[in-house]
Amino acid sequence: MNAELLFDAALILLLLALAAATLHTRKLYTAIVLFIVFGLMLALTWARLGAVDLALAEAAIGAGLIGVMLLAAFGRSGPEAATRAPPAVLAASVLLCSLLLVLFAQGVWPLANNSAPVPELVNSHLAASGVSHPVTAVLLNFRAWDTLLELVVLLLALLGVRQLHSPNMNLPAAWPLLQAWSRLLAPLSIVIGGYLLWRGSHAPGGAFQAGAVLAAGAIVLRLAGLLPPLRWNWWPMRACVLGGVALFMTIAAAGYWLGSGWLDYPPGLGKTLITLIEIAATVSIAVSLSLLVVGDTREITP
Amino acid sequence: MSHISLYLLGGVALWVLGLHALMTQRNALRRIMAVNVMGSGTFMVMVALAARMTPIDPVLQALVVTGLVVAASATAFALRLATTESPVADVDRERE
């Protein structure tokens, strides 16, 4: 057994132990903190598997933003009722899960050795896509539909959250250390976000990672009490949220009417259009995520 | 046995762990975390499949990047649903 395999096995065991501890620990607060650690370890796993784009996104969204949302929800929810599942449910669940584990393990085992023709196809058409990083080419050219609909899902989640006007977050007065740190972190998040966005065309990085980092900077500032409440009824906010989907749809529709088809960029213009979409999507994702986490809903209460 | 097989099995184990918690836990926040752990297991299988060949499969990785944002959106909505003071929740509480 070589050292690399030992590292992989240790990482997977750590992930499984963290997941089990997260889901079954007694105190809910401990569970949430363990879940954030689980997200960070997952980011390390993605980096180990060569998915650097994903590691960046997971560290920013999976561990950071979901952690903040869980803690905010924990603050809103009442004390947890100590109910345990009846033994019959527990036994049935263990039985079903062990059967499923065997079934799926047998199912995925042979997949490790076969291969698919898709990566070769992507690489042979990479030059025509307008960008040189394959993941960005897939996200914004070959499978642009996915990205467009993903922006729509984000918008739908935001609209759904706004419909359920729940009580506002009562932010406690920020202590001086948080304010000092957020003054230092916010400019850094803008620089890192811009760098990730610019880098996305030829190396790991891109709109989602950049948007998530920018949103993190805005959320830290808001939690430190250095930003005014983020309100939906301020029109530039709405313009930023809708801008990503609107620009993406406009470019897609223009391609349909004037060019060769829906989401089919004209040759030569690929790089410009992808960059435009990425910038609009970054702003849109950053504002949507910030509103999801720290958005103020005071103005719609009747 | 390569490291890819290890990660494939790890992903399946994570998914099953999440399913078990989803069936046995009662608290809404714990159930949302359980669904997230199940999602992470699925992502791990997909990323391991993407890494099994050289060059690395960009389509699967791009799908997981998309999936991650969709999962975060769904989690945000679910958390707000779980902690909203609504008439329905009050009726449930009175029944208990």
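Computed from a predicted structure; not experimentally measured. (Residues numbered from 1 in each chain as written. Chains lettered and ligands numbered in written order. Predicted model: local features only at pLDDT ≥ 70, side-chain atom pairs only at ≥ 80, totals over all residues. Heavy atoms only, no water.)

Turning our eyes to something else, we now look at the nonpolar core. One finds Phe 38, Trp 46 and Phe 248 of chain A to be the most contacted residues of the largest nonpolar core, which totals 110 residues. With 13 residues, helix α2 (residues 28–50) of chain B is the largest single contributor of residues to this core. When neighbours within four sequence positions are excluded, Trp 46 of chain A is seen to be in contact with Ala 51, Leu 54, Ala 55 and Glu 58 of chain A together with Ser 40, Phe 43, Met 44 and Val 47 of chain B. (Core = buried A, V, L, I, M, F, W, Y, C linked by side-chain atoms within 4.5 Å. Buried < 20%, exposed > 50% of the residue type's maximum accessible area, 1.4 Å probe, protein only. Helix = DSSP H or I, 4+ residues; strand = E, 2+ residues; numbered from the N terminus. Contact = heavy atoms within 4.5 Å.)

This paragraph deals with the side chain of Ser 5 of chain B. Here Ser 5 of chain B lies in helix α1 (residues 3–24). Not counting residues up to four positions away in its chain, the partners in contact with Ser 5 of chain B are Trp 109 and Ala 112 of chain A.

What follows deals with the UniProt feature "domain: Na+/H+ antiporter MnhB subunit-related protein" (unreviewed entry) in chain A. Per the UniProt record, "domain: Na+/H+ antiporter MnhB subunit-related protein" (unreviewed entry) is found at residues 178–287 of chain A. Along residues 178–287 of chain A one finds 74% helix and 2% strand; the C-alpha atoms at either end are 22 Å apart. (UniProt positions renumbered as here; feature names shortened; annotations may be inferred.)

Further remarks concern the packing of aromatic side chains. Using the criterion set out here, one finds four aromatic pairs over all chains in the structure. Between Tyr 29 of chain A and Phe 74 of chain A, the ring centres sit 5.9 Å apart and the planes meet at 45°, which makes this aromatic pair tilted. Here Phe 74 of chain A lies in helix α3 (residues 52–76) and Tyr 29 of chain A lies in helix α2 (residues 28–48), a separation of 45 residues in the sequence. The exposure class of Tyr 29 of chain A is partly exposed, given its relative accessible area of 46%. Their ring planes at 90° and their centres at 5.3 Å tell us that Phe 104 of chain A and Trp 15 of chain B sit as a pair that is edge-to-face. A residue pair is termed interchain when its members come from two chains, as with Phe 104 of chain A in helix α4 (residues 87–108) and Trp 15 of chain B in helix α1. Take Phe 104 of chain A: its relative accessible area is 32%, and that puts it in the partly exposed class. (Phe/Tyr/Trp six-rings, centres within 6.5 Å; stacked < 30°, edge-to-face > 60°.)

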